[in-house]
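The residues making up each chain are set out below.
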Amino acid sequence: MPRAYYINGETMIKVKGRSDSEIGSLTDLGLCSDSISVRIESDRKPIIVDAYGTKPPESQFFGAMAAVSHTLVHFDPVILNVCLRESWGSSPALGAMGHAGSLMGNGLARFGPGGVFGNHFIGLNIISALGAPVWRFLNSYLADNPIEWPLGTEKSLVRCDWQAVPYSIDPWNNGNGSYGVQIWDQTADT
Amino acid sequence: MTRSYYINGAPMVYVKGNPDTFPPELADNQNGVFQLGLASESIKVTPRFSHFDVLADDYGPEVPAEILWNLADCYIQMTLVHFDYQVLDACIAAAMGGGTYPILMGAGKPLGAGLPLYQSGNNYVTLFLVSGIGSRPWRFPACYLTGRPLEYPLGTEKSLVGLQWRAIPYSPLSDEPGTEGEALSNGSILWDHTLDTGGDNVDDGGSEFDEADFV
């Protein structure tokens with residue numbers, strides 16, 4: 001493939017979640033005021049050998065996850081609220097907490113129904129209008145400080161921070177462990 | 001064989017015991033083996049060798065003239081994070097003398113009773129540590145949960161269950177002519193690297209199957 005400037009173009013964020021939730025089908029979340037930031041985070045452990053002093057001659061890969069940040073300017077607040085509730089695991093209503101210690105995936109396949117005990121991970125789809133490759137983060141949630149929502153006379157620019165993790169139904173994965181577990185790919189949900 | 005970094009990979013812990021405590025019809029494969037679970041960190045295997053000093057007057061009072069080998073046991077420590085609690089209950093019941101969980105059997109009840117492994121009345125549990133990336137497996141034929149056998153945190157966070165196993169070189173009482181009924185240590189197995197699920201605790205190549213039966 002030849003070199004070129006990489007221009008993603010105007011981008012719509014779409015989400016899809018638990019099949020018995022309000023985002024059971026692929027739904028527009030919204031447009032952003034500026035670029036969407038995708039940061040891949042991976043962990044390694046060095047193998048230290050005395051013969052090499054303090055620098056490792058070899059290292060081991062120990063998994064990865066992704067962090068996606070964006071600022072919504074033209075968005076559906078109802079859908080954002082649904083994403084927030086799903087990200088809290090078993091939240092029964094907007095602003096209400098679920099059980100402390102709730103699992104997100106609950107051992108179910110993507111979008112698995114089950115209400116409070118369904119799969120609460122969200123498929124985060126970043127779709128370009130110019131045909132640039134899609135970014136799909138298969139198992140995501142609004143993380144840590146999930147949103148920052150300014151309220152005033154000026155339009156609200158809502159900052160969102162997502163994390164995408166290598167979820168699998170069975171971590172043993174028939175002996176494969178984390179091998180082959182997808183964090184992101186370039187095929188949009190349908 | 002060349003040197004390399006030794007990376008075992010995440011091991012799956014399997015167990016097998018007598019059919020009273022581990023019903024074969026509920027097992028995870030046709031050899032009566034049950035998946036116990038996955039650990040949150042590395043599993044630690046610590047053998048403990050026993051040697052006895054033989055003193056001779058000519059060597060003085062402290063330095064031995066000879067050493068006697070007095071067998072060994074082995075401690076296996078693990079912290080389970082993704083596990084089958086009913087299989088764990090069966091392991092606990094076996095360690096408590098083989099009754100129905102959580103009932104304790106009477107004090108002084110022998111765990112092996114001189115019987116072959118996996119026979120009703122023998123409550124040792126075989127522990128298998130099977131690597132997902134094909135590193136050599138570990139088999140401890142005769143184990144039991146020991147000491148403070150488990151630490152089971154109960155709360156909103158996932159339970160990380162700490163287990164301590166002890167493996168001993170158990171052999172059933174001899175049925176060889178001339179030594180009938182004797183407990184003989186020579187040739188007994190403390191650990192090996194096969195997946196033999198035969199009950200005689202002798203690696204005779206029987207009942208062996210490959211790692212595909214575990215994964």
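Note that the structure is predicted; figures quoted are calculated from it, not measured. (Residues numbered from 1 in each chain as written. Chains lettered and ligands numbered in written order. Predicted model: local features only at pLDDT ≥ 70, side-chain atom pairs only at ≥ 80, totals over all residues. Heavy atoms only, no water.)

> Outline the overall build of chain B, listing residues and values.
Across its full length, chain B holds one helix and seven strands. Along chain B, helices (α) and strands (β) appear in the sequence β-β-β-β-α-β-β-β when read from the amino end. For 215 residues, the compact-globule estimate of 2.2 N^0.38 gives 17 Å, and the C-alpha radius of gyration of chain B, at 19 Å, lies within 12% of that figure. Here the C-alpha coordinates of chain B stretch approximately 65 × 45 × 40 Å along the principal axes. Evaluated residue by residue, chain B yields a buried proportion of 39% over its 215 residues. Look at the contacts in chain B between residues 6 or more apart in sequence, and 61% of them connect residues 24 or more apart. Approximately 11,900 Å² of chain B is accessible, and the part contributed by carbon and sulfur atoms is 53%. In chain B, 10 side chains carry a positive charge and 27 a negative one; their mean positions are 10 Å apart. (Helix = DSSP H or I, 4+ residues; strand = E, 2+ residues; numbered from the N terminus. Rg over C-alpha atoms; globule rule 2.2 N^0.38 Å. Buried < 20%, exposed > 50% of the residue type's maximum accessible area, 1.4 Å probe, protein only. Contact = heavy atoms within 4.5 Å. Areas by Shrake-Rupley, 256 points an atom, 1.4 Å probe, with all protein chains shown as cover. Lys, Arg positive; Asp, Glu negative; His and termini not counted. Charge placed at Lys NZ, Arg CZ, Asp CG, Glu CD.)

> Describe the pairing of strand β2 (residues 34-39) of chain B, and please don't skip the residues or the numbers.
Residue and element names in this part refer to chain B. Looking at chain direction, strand β1 (residues 11-16) and β2 are connected through four bridges and run antiparallel. Each residue of the ladder has a partner; that of Val13, found in β2, is Gly37. Relative to strand β4 (residues 66-83), β2 is paired through three bridges, and the arrangement is antiparallel. Each bridged residue has a counterpart across the sheet, and for Leu38 the counterpart in β4 is His82. (Pairing = 2+ DSSP bridges.)

> So what's going on with a nonpolar patch on the surface? Which residues, and what values?
On the surface, a cluster of nonpolar side chains totalling about 440 Å² of accessible area is made up of Tyr5, Ile7 and Leu130 of chain A. Note that Leu130 of chain A resides in the loop between β5 (122-128) and β6 (135-148). (Patch = residues over 30% accessible without salt bridge, like charges linked within 9 Å, V, L, I, M, F, W, Y side chains within 5 Å. Salt bridge = Lys/Arg side-chain N within 4 Å of Asp/Glu carboxyl O.)

> Break down the packing of aromatic side chains for me, with residues and values.
For the structure on display, the rule yields 13 aromatic pairs over all chains. On the basis of an interplanar angle of 45° and a centroid distance of 4.9 Å, the ring pair of Phe121 of chain A and Tyr167 of chain A is categorised as tilted. Taken together, the positions of Phe121 of chain A in the loop between α1 (77-87) and β5 and Tyr167 of chain A in the loop between β7 (158-164) and β8 (184-185) put the pair 46 residues apart, joining distant regions of the chain. Exposure class is identical for Phe121 of chain A and Tyr167 of chain A. Each is buried. Ring pairs connect the aromatic residues Phe121, Tyr141 and Tyr167 of chain A, which therefore count as one cluster. Over the ring of Phe62 of chain A we find Lys45 of chain A; its NZ or CZ atom is 5.3 Å from the centre of that ring. Geometry around Tyr118 of chain B places Lys16 of chain B over its ring, the cationic atom sitting 4.4 Å from the centre. (Phe/Tyr/Trp six-rings, centres within 6.5 Å; stacked < 30°, edge-to-face > 60°. Lys NZ or Arg CZ within 6 Å of the ring centre and 35° of its normal.)

> Break down the pattern of salt bridges for me, with residues and values.
When their charged atoms lie close together, side chains carrying opposite charge are able to pair. Residue and element names in this part refer to chain A. Taken as a whole, this structure holds 14 salt bridges over all chains when the rule is applied. A salt bridge links Asp20 to Arg18, with the nearest nitrogen and oxygen atoms 2.9 Å apart. Note on Arg18: relative accessible area 7%, which makes it buried. We note a salt bridge from Asp189 to Arg110, for which the minimum N-O separation is 2.9 Å. One end of the pair, Asp189, is in the segment after β8; the other, Arg110, is in the loop between α1 and β5, with 79 residues separating them in the sequence.

Nothing here speaks to function; it is all geometry.
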